[in-house]
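Residues per chain are reported as follows:
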2 protein chains.
Amino acid sequence: MVKRSPLSTTEDQHMDNKAVMSLFMKHIWNEGREDMVENYVAPQYKIHHDPGDPWHGKTLNLDAFKNRLRVSRAPFPDQCFTTREMIEENNNVAISWLWQGSHLGQLAGIKPTGKMITMSGLTIYYFENGKLSGHWQMADRLGVFQQLSSFSPEQN
Amino acid sequence: MVKRSPLSTTEDQHMDNKAVMSLFMKHIWNEGREDMVENYVAPQYKIHHDPGDPWHGKTLNLDAFKNRLRVSRAPFPDQCFTTREMIEENNNVAISWLWQGSHLGQLAGIKPTGKMITMSGLTIYYFENGKLSGHWQMADRLGVFQQLSSFSPEQN
């Protein structure tokens, strides 16, 4: 008899998608743990739709995903997503989320303002065999630029 | 024995939420049928989150909903939403959508440009007893203003 840890996973027996979703948001986007990317992300990750994201429309391998994580988090190194709700059906999980971060690095040509910025959005995440294989997302980027420009109007 | 039309509904036996969702988008937002609002919308409809929408955070009765429908459709009277996907769980339906419309009426102080505008977004709709009781939404409003301003830069 093979003894199996309760946390062990196989293709047939993997973590609940919502649990993966929560841990992915915590470890990857909130904490920036590049070493944990392969725990949650499939070998090919497609950004189906994400207006304003430099990788919109692209398919990323794990190294490219880690690069995107690093570059995306740089302007807001303390960023934190709070997931409001998750709606799951057929390996798709839609989440609504709130976000905040301190603007400590250059963003789209705007120098760091130090300002605490808030944002909100919705994302549909697609799962394959318990890992994330892509997303379709909309974030309130106009709201972000309004907050940044009110702080540093001379840069607009 | 009571004979019942296959389309008749009661509180216990109502249309599938996804079917309501599709018909709501077609009749209400695409066709502007104010006379059909009560078929789909609950007596109290809460706009939980919808940045840029003048009714963000408000709870609307049916008359207020009809007014919002009229005012919202005025700048783009031929607007059309295309629902890409629906994800349903526990009386919540998340949809991703594409939108297009001709800019034929005043919008946020910008005079009609006649331009065909495209937009995308995500919405979570909340159901109660087969009717819509509210939403949480994010639309790509920055994308809309970028399209409008490139067409009429003197108005920015």
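Scroll up to find the structure this text is about.
Quantities reported herein were computed from a predicted structural model and do not represent experimental measurements. Every chain's residues receive numbers from 1 upward, in the order its sequence appears when written. Chain letters start at A and ligand numbers start at 1, both assigned in the order the entries are written. Note on the predicted model: pLDDT of at least 70 is required for a residue's local features to be given, and 80 or more for side-chain atom pairs to be given and counted; whole-chain, interface and lining totals, by contrast, use all residues.

(A) Highlighting the sheet that holds strand β5 (residues 116-128) of chain B. All names here are of chain B. Note on pairing: two strands pair once DSSP finds at least 2 bridges between them. Helix numbers and strand numbers start at the N terminus; a helix is a DSSP run of H or I with at least 4 residues, a strand a run of E with at least 2. Here six strands make up an open sheet; going across it, the order is β2-β1-β6-β5-β4-β3 and the pairing mixed. Strands with a single pairing partner mark the edges of an open sheet, and in this sheet they are β2 (59-60) and β3 (80-89). As defined by bridge partners, β3 adjoins strand β4 (residues 92-102) across nine bridges and the pair is classed as antiparallel. Looking at β4, one finds that E89 is bridged to N92. Running at roughly 160° to β3, helix α1 (residues 17-30) makes contact with β3, β4, β5 and β6 (131-139) of the sheet. Residue pairs qualify as contacts under a 7 Å threshold applied to their C-beta atoms, which are placed from the backbone. Every axis corresponds to a line fitted to the C-alpha atoms, with the helix fit spanning only the stretch in contact, and the corresponding angles, defined between N-to-C directions, vary from 0 to 180 degrees. Across the face of the sheet, helix α3 (residues 62-73) comes into contact with β1 (41-49) and β2 while running at roughly 60° to β1.

(B) Spatial organisation of the pairing of strand β6 (residues 131-139) of chain A. All names here are of chain A. Buried residues are those with 20 or more other C-beta atoms within 10 Å of their own C-beta, exposed residues have 12 or fewer, and partly exposed residues lie in between; C-beta atoms are placed from the backbone. For β6, the tally of buried residues reaches seven of nine residues, placing the bulk of the element in the interior. Taken together, the four bridges between strand β1 (residues 41-49) and β6 define a ladder with parallel strand orientation. Within the sheet, the bridge partner assigned to V41 lies in β6 and is L132. Where strand β5 (residues 116-128) lies against β6, eight bridges are found, and the strand directions are antiparallel. Following the sheet pairing, T123 is matched in β6 by Q137.

(C) Representation of the relation of the copies chain B and chain A in the model. Note on the identical chains: chain B maps onto chain A by a rotation of 180° and an axial translation of 0.0 Å, with an RMSD of 0.0 Å. Between the two chains, the operation in question is that of a two-fold axis. The position closest to the rotation axis in chain B is occupied by the C-alpha of L142 of chain B, lying 2.5 Å away. With an isologous cut-off of 70% or more, the 100% of interface residues of chain B that recur at the interface of chain A puts this contact in the isologous class. C-alpha atoms of residues with pLDDT of at least 70 in both copies form the basis for the least-squares superposition of the copies.

(D) Broad picture of the interface of chain B and chain A. If you look at the interface, chain B gives 18 residues, while chain A gives 18 residues. Where the side of chain B that touches chain A is concerned, the elements lending two or more residues are β3, β4, β5, β6 and α4 (141-151) of chain B. At four residues, the largest contribution of residues to the side of chain B that touches chain A is made by β5 of chain B. Amino acids outside the nonpolar list (Ala, Val, Leu, Ile, Met, Phe, Trp, Tyr, Cys, Pro) and the charged list (Asp, Glu, Lys, Arg) are all regarded as polar, and Gly is one of them. Taken together, the residues of the side of chain B that touches chain A sort by class into eight nonpolar, six polar and four charged.

(E) The sheet that holds strand β4 (residues 92-102) of chain A, seen in detail. All names here are of chain A. The six strands are arranged β2-β1-β6-β5-β4-β3 in an open sheet whose pairing can be described as mixed. Lying at the two open borders of the sheet, with one neighbouring strand each, are β2 (59-60) and β3 (80-89). Lying over the sheet, helix α1 (residues 17-30) contacts β3, β4, β5 and β6, oriented at roughly 160° with respect to β3. The strands touched by helix α3 (residues 62-73) are β1 and β2; relative to β1, the strand with the most contacts, the crossing angle is about 60°.

(F) Layout of the pairing of β4 of chain A. All names here are of chain A. Once β3 ends, the chain turns through two residues before running back antiparallel as β4, passing N90 with a positive phi of about 50°. Two elements, β4 and β5, share 11 bridges in a ladder whose sense is antiparallel. Along β5, the bridge assignment pairs S96 with L122.

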